[in-house]
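Summary of structural features
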Protein chains: 2
Amino acid sequence: MPKQFTEEEVIERIEDMRRRRPRFEDQHITMSHGAGGKASRQLVEGMIVPRLENPELAALGDAAVLSIDGAAPGQAAGRLAFTTDAFVVQPIRFPGGSIGELAVNGTVNDLAVSGARPLWLAAALILEEGLAADVLAAEIDAMAGAARNAGVTIVAGDTKVVQRGKADELYITTTGVGAVGAATAMAPGLVRPGDKVIVSGTIGDHGIAIMLARGELDIDADVRSDTQPLWPLVDATLHACGEALHCMRDATRGGVATVLNEIALATRLGVVIDEQRLPLRPEVVGAGEILGIDPLYVANEGKLVAFVAPEHADAAVEAMRALPAGASAEIIGEVRDEPEGRVLGRTTFGGHRMIDMLVGDPLPRIC
Amino acid sequence: MPKQFTEEEVIERIEDMRRRRPRFEDQHITMSHGAGGKASRQLVEGMIVPRLENPELAALGDAAVLSIDGAAPGQAAGRLAFTTDAFVVQPIRFPGGSIGELAVNGTVNDLAVSGARPLWLAAALILEEGLAADVLAAEIDAMAGAARNAGVTIVAGDTKVVQRGKADELYITTTGVGAVGAATAMAPGLVRPGDKVIVSGTIGDHGIAIMLARGELDIDADVRSDTQPLWPLVDATLHACGEALHCMRDATRGGVATVLNEIALATRLGVVIDEQRLPLRPEVVGAGEILGIDPLYVANEGKLVAFVAPEHADAAVEAMRALPAGASAEIIGEVRDEPEGRVLGRTTFGGHRMIDMLVGDPLPRIC
């Protein structure tokens, strides 16, 4: 149980931790750089993005949205979303899914939460020498099934093999292209004080399922990954809310806490959530307590966080709940003018706690 | 020196080796499956592609060409090329380039030889825990420089970290989107008997440079990778030849021999090359002889093979030679009605040899 702070103490405590551009000052890559938290942010924003400086990349969205108007004279017009993700999850099979299914859904969802209908995927495989052929075949089948289920086509691919001990069974990088609707506008910059924060369902399922599947702990809990495609949920919410849907993110590595922090940082607004309203499976809460992990920081693979104008928030929740993927959708909090750039949680005990970016890596190779 | 056969003997010898759909019957993945030759073809065409069945993927081109007309109502129209490649080259730095530069140029070139102007790249990094920060920074800089040089923007990315011993320094998957010009039509199916076969420059430089950089052999030869972007060369050739440019491929893994075999197989035509006309650096010939490797099978990273109607072949060579990347362009052979689906080389001794698909993997992790 973290120490409880008053709202003022929390603000004071993190006053000077914010608004600095993250600096990358490490000498070597550590597992923390892959965890989606502070170290990841330092690596990506402090070192990689400045070297590749361009506005699309610097936006750090789930997908780049590209205008192809005039790209080829007389040919192309419109907006495309474009996103890539490497999947290195271990174990490669786990309750509720496997790396192949995850690789399709993960990229499909980065397109979806950018407001883009997923169209095409490319898949690049890095295979470890000695991988059993039937293991590979099962993952290709999982990709094919997930693609059919999500309504996308895998149109390009590549396969490389590295020596035994230079990979871990297989890694899959999927890259997706989607079509952004003419009227769709979603971005952190559109989030306003008063917006309601909605999560589309129970949180932490994927990450806890992976931790349990590793078998390092003798916990017998029935927790399954929530890996699923989110476009139907996004599409329904867009129809229900139109422009009142200001921003969406899928809550993968780093969990819901990381998404909330990213939006607070980007907007310089405050996000206050009511922790009692977080949709949580009891098994996830129980396993999280034993593992010492807060589900707010745990990866999801089929859940999104939406920021919606208050007068449309109920309609958004209703639209989500009408679909299986959104059956447990809840309003969990709201956006405020302050604390600037910070996320606060109202705990079940009536106090406040700072919900900061993740430090370290409690869950390596979760996706 | 391979045994010399007459043309008839060669045809008889491989009569029943062809036209069968490749079958994947192995129990485990071996390095050969990553080499770009027969085993790769068995894996990709015999196992992966059938499971993901769709016409774009089954075309097995360097890039999928997608029509986005109507993808989003009122929005998108035109044709895009889309391609992905994982780079696992070792060592990551070598004379003439490094993995970061290769990852940009390799994907840019798959777009280019599909007749697409390269526009955007996505890059996904898999980093090994413990990688030195300055090594990573150097590769990000190499990517940024190569992107500038090729006129593309890296608009999306992802970074994952795996434990020490689960990768080899870093792997980079790049995925590219390009715009296909309205008038551009290139495909194996357009290749006709009589077409001239052109290579854009010296062959085998990249693969030999990598082999020498590994330092396993005590050969002191100044061979540098030819990694470079090919769009200017493609663009110039398209302008010079128009529709007479029937097909292009870049000759990466498996080298020029593999490209010729792919086209022969796809068209059921024969390709006959004059080995005396192959542009070869003396250092590459020398190193290849010591290594026991035929440069025809060695990867290039800045060379293309073009199939051009005979009346435009000289114009194509002239257009290529006007650019530094095509200074050594040569007509190396022609397409014939027969031998059906086969590649023959006229050797320097006046005989013929069968130039078959690569078997095994003489050059693992060359790109």
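What counts as what
Residues numbered from 1 in each chain as written. Chains lettered and ligands numbered in written order. Predicted model: local features only at pLDDT ≥ 70, side-chain atom pairs only at ≥ 80, totals over all residues. Heavy atoms only, no water. Phe/Tyr/Trp six-rings, centres within 6.5 Å; stacked < 30°, edge-to-face > 60°. Lys NZ or Arg CZ within 6 Å of the ring centre and 35° of its normal. Salt bridge = Lys/Arg side-chain N within 4 Å of Asp/Glu carboxyl O. Helix = DSSP H or I, 4+ residues; strand = E, 2+ residues; numbered from the N terminus. Buried < 20%, exposed > 50% of the residue type's maximum accessible area, 1.4 Å probe, protein only. Pairing = 2+ DSSP bridges. Axes fitted to C-alpha atoms, helices over the stretch in contact; angles between N-to-C directions. Parallel < 35°, antiparallel > 145°, perpendicular 65-115°, else oblique. Left-handed = near helix turned anticlockwise from the far one by under 90°. Contact = heavy atoms within 4.5 Å. Nonpolar A, V, L, I, M, F, W, Y, C, P; charged D, E, K, R; others polar.

This paragraph deals with the packing of aromatic side chains. Considering all chains together, one arrives at zero aromatic pairs over all chains under this definition. The positively charged end of K160 of chain A is found above the aromatic ring belonging to F87 of chain B, 5.3 Å away from the centroid.

Right, let's talk about the pattern of salt bridges for a bit. Applying the stated criterion across every chain yields a total of 35 salt bridges over all chains. Residues E334 of chain A and R336 of chain A are paired through a salt bridge, measuring 3.5 Å at the closest nitrogen-oxygen approach. Between E45 of chain B and R41 of chain B there is a salt bridge, and its shortest N-O distance comes to 3.1 Å. Placement of both E45 of chain B and R41 of chain B in helix α2 (residues 38-51) is noted, with a separation of four residues, approximately one turn of the helix. By relative accessible area, E45 of chain B is classed as partly exposed at 24%. Each of D85 and R253 of chain A together with D158 and K160 of chain B takes part in one network of salt bridges that share partners.

In this section: the sheet that holds strand β9 (residues 245-250) of chain B. Residues and elements named next belong to chain B. The seven strands are arranged β9-β11-β8-β12-β10-β13-β14 in an open sheet whose pairing can be described as mixed. Bordering the open sheet on either side are β9 and β14 (352-354), each of which pairs with just one other strand. Mean inter-strand twist for the sheet, computed between neighbouring axes without regard to direction, equals 25°. The sheet contact formed by strand β13 (residues 343-346) and β14 spans three bridges and is antiparallel. Residue pairing in the sheet places L344 in a bridge with M354 of β14.

All names here are of chain B. In the contact formed by helix α6 (residues 205-213) and helix α9 (residues 282-291), the axes pass within 10 Å of each other and the chain directions differ by 55°. Relative to α9, α6 is oriented oblique. Judged by the sense of rotation from one axis to the other, the crossing of α6 with α9 is left-handed. Contacts from D205, I208, M211 and L212 of α6 reach α9 at V284, A287, G288 and L291. Residue classes in the contact of α6 with α9 are distributed as six nonpolar, one polar and one charged.

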